[in-house]
Amino acid sequence: MASAPKRPKVRLSREGAVAGYGMLAAAELEPGEVLCTVPRSALLSQHTSSIQALLREGQESLQSQSGWVPLLLALLHEYTASNSHWRPYFSLWQDFRSLDHPMFWPEEERRKLLQGTGIPEAVEKDLANIHLEYSSIILPFMESHPNVFDPKLHTLELYKQLVAFVMAYSFQEPLEEEDEDEKGPNPPVMVPVADILNHVANHNANLEYSPQCLRMVTTQPISKGQEIFNTYGQMANWQLLHMYGFAEPYPSNTNDTADIQMVTVRTAALQRARSEAQQRLVSEQWDFLCQLEMVGEEGAFVLGWDEVLTEEELSVTLKVLCMSEEEFKEYKEQDGWEDDSEEEENLTLSNEALSRLKPPCKQLLYDSVLLTLESYRSDLKAEQDLLHNKEAYEKLSQREKQALHVRYGQKRILHQLLELVH
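Residues numbered from 1 in each chain as written. Predicted model: local features only at pLDDT ≥ 70, side-chain atom pairs only at ≥ 80, totals over all residues. Heavy atoms only, no water.

Engineer: Please clarify how the environment of Phe 165 should be interpreted in this entry.
Structural biologist: On the secondary structure map, Phe 165 appears in helix α6 (residues 156-169). Of the residues examined, Phe 165 reaches a relative accessible area of 0% and is grouped as buried. As for Phe 165 and Glu 327, which are separated by 162 residues in sequence, their C-alpha atoms are 52 Å apart. Setting aside residues no more than four positions away along its own chain, Phe 165 makes contact with Leu 75, Tyr 89, Phe 90, Trp 93, Phe 96, Leu 99, Ser 170 and Met 190. (Helix = DSSP H or I, 4+ residues; strand = E, 2+ residues; numbered from the N terminus. Buried < 20%, exposed > 50% of the residue type's maximum accessible area, 1.4 Å probe, protein only. Contact = heavy atoms within 4.5 Å.)

Here it is, written out as structure tokens:
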């Protein structure tokens, strides 16, 4: 399916890899070396499956929120067809037991280990979408093609496992710049060999796309015996655990983030309002922020290690919620517009800029962080003690360890913010 150099400088192995299979350097590697080449004909997608014509015919009825349905139908068929061209590929994942995404954890365990991280809520949405897609799109399609599909074989449980498989192992080809505004994202595809590489934030290889093939190429020198890592993108630990079933231990994930729910900042603002008139003002300010599309009931402000990633939204929200009635009236009359230089200065929320916020904004942010920390079941010190106690840490299950890494990274970022605005 995929070609490699005649004298391979890499090997695929379970030994020496951080998780499952991995790709290891069998010789010294320089930046820019091609590790493997995968022709486009070897990609598994809705366009290369043996039922591609069927999927093309039914494409109108297969549209969904995820955009994954055609690929998932191709996988349902190829995974269970005894004569499938892709059987050698699927032999690596005979029963998908290695997939341990939080969607497969019992709900009680998910809540207990991941409360406050944002993962339980994301999983609930996933499961609702999976059930909806299966019952309203997949089942009717299968029933109209009984010679290809059998609901007794192609069950909801298998569909759920294949969703996790696509989450963890598929690739989405980036759009060309000129197409970004006009087209939706490209559908996911399975890329044999390339999908064996594990991920770290500080990766040493990445996938390059060309019209004929895809190439995995080194981005830095790699020593013999060292594992070769791809990047799945700039992923926070909660995203890694949710989508891929693992998290990076602190401090490896330089892309880690913590969220403050937007409604939490509203709650903090309402809590410090001392009169009904002040509470009314906060509600009016919040409604205006909603009109400006700066906030929403389900949105979150995203904090990185060095800066706020949703800097415009947080900057404007803090400023508006800290305005007096007169200031807010004037701001509303200008439809939220300000002098450009002042606006530019306020919108860059690096850590240094956070420490220079006006006292009322600092206080509101401080209160919002405290409320966010209350949403977890344990505090930072308890997590720290567990991580530093090797004996206690080794007794944890794999799920407990992964959840700990997610919680700990988020709390470190939140505590760092507390210190900046205290």
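Engineer: Teacher, can you tell me more about the environment of Asp 150 here?
Structural biologist: With respect to the helices and strands, the residue Asp 150 is situated in the loop between α5 (119-143) and α6. Here the alpha-carbon distance between Asp 150 and Met 167, two residues 17 residues apart in the chain, equals 24 Å.

Engineer: Is there a simple way to think about helix α9 (residues 276-291) in this case?
Structural biologist: An ideal rise of 1.5 Å per residue puts 22 Å on 16 residues; α9 measures up with 23 Å between its terminal C-alpha atoms. Among all positions of α9, only Leu 281, Val 282, Gln 285, Trp 286, Phe 288 and Leu 289 are buried. Considered in projection along α9, the buried side chains sweep an arc of 160 degrees and stay on one side of the axis. In α9, the exposed positions that point more than 90 degrees away from the buried face belong to Glu 276 and Gln 291. (Expected span 1.5 Å × (residues − 1). Arc of directions from axis to C-beta.)

Engineer: Where do I start with the pairing of strand β8 (residues 213-218) in this structure?
Structural biologist: Residues in a regular strand point their side chains to alternate faces of the sheet. Taken across its six residues, β8 has five buried, putting it largely inside the fold. When strand β3 (residues 34-39) meets β8, the two strands line up antiparallel, connected through five bridges. Among the inter-strand pairings, Thr 37 is bridged to a residue of β8, identified as Arg 215. Hairpin connection from strand β7 (residues 205-209) to β8: three residues lie between these consecutive antiparallel strands. (Pairing = 2+ DSSP bridges.)

Engineer: Explain the packing of aromatic side chains to me, please; I cannot follow it from the model alone.
Structural biologist: This model, assessed by the stated rule, comprises 16 aromatic pairs. When the centroid spacing of 5.5 Å and the interplanar angle of 55 degrees are considered together, the rings of Tyr 89 and Phe 90 count as tilted. A centroid spacing of 5.6 Å and a plane angle of 45 degrees characterise the contact between Phe 165 and Tyr 169, whose relative ring orientation is tilted. Of this pair, Phe 165 and Tyr 169 both sit in helix α6, separated by four residues, roughly a single helical turn. Pairwise contacts between aromatic rings join Tyr 79, Tyr 89, Phe 90, Phe 96, Phe 165 and Tyr 169 into one cluster. (Phe/Tyr/Trp six-rings, centres within 6.5 Å; stacked < 30°, edge-to-face > 60°.)

Engineer: Explanation requested: the sheet that holds β8 in the structure shown.
Structural biologist: For sheets, the rule is that strands pair by backbone hydrogen bonds, running either parallel or antiparallel. An order of β3-β8-β7 is seen for the three strands of this open sheet, with the pairing classed as antiparallel. Of all strands in the sheet, those with a lone pairing partner are β3 and β7, marking the two edges. Strand-to-strand twist of the sheet, defined as the mean angle between neighbouring strand axes without regard to direction, takes the value 20 degrees. (Axes fitted to C-alpha atoms, helices over the stretch in contact; angles between N-to-C directions.)

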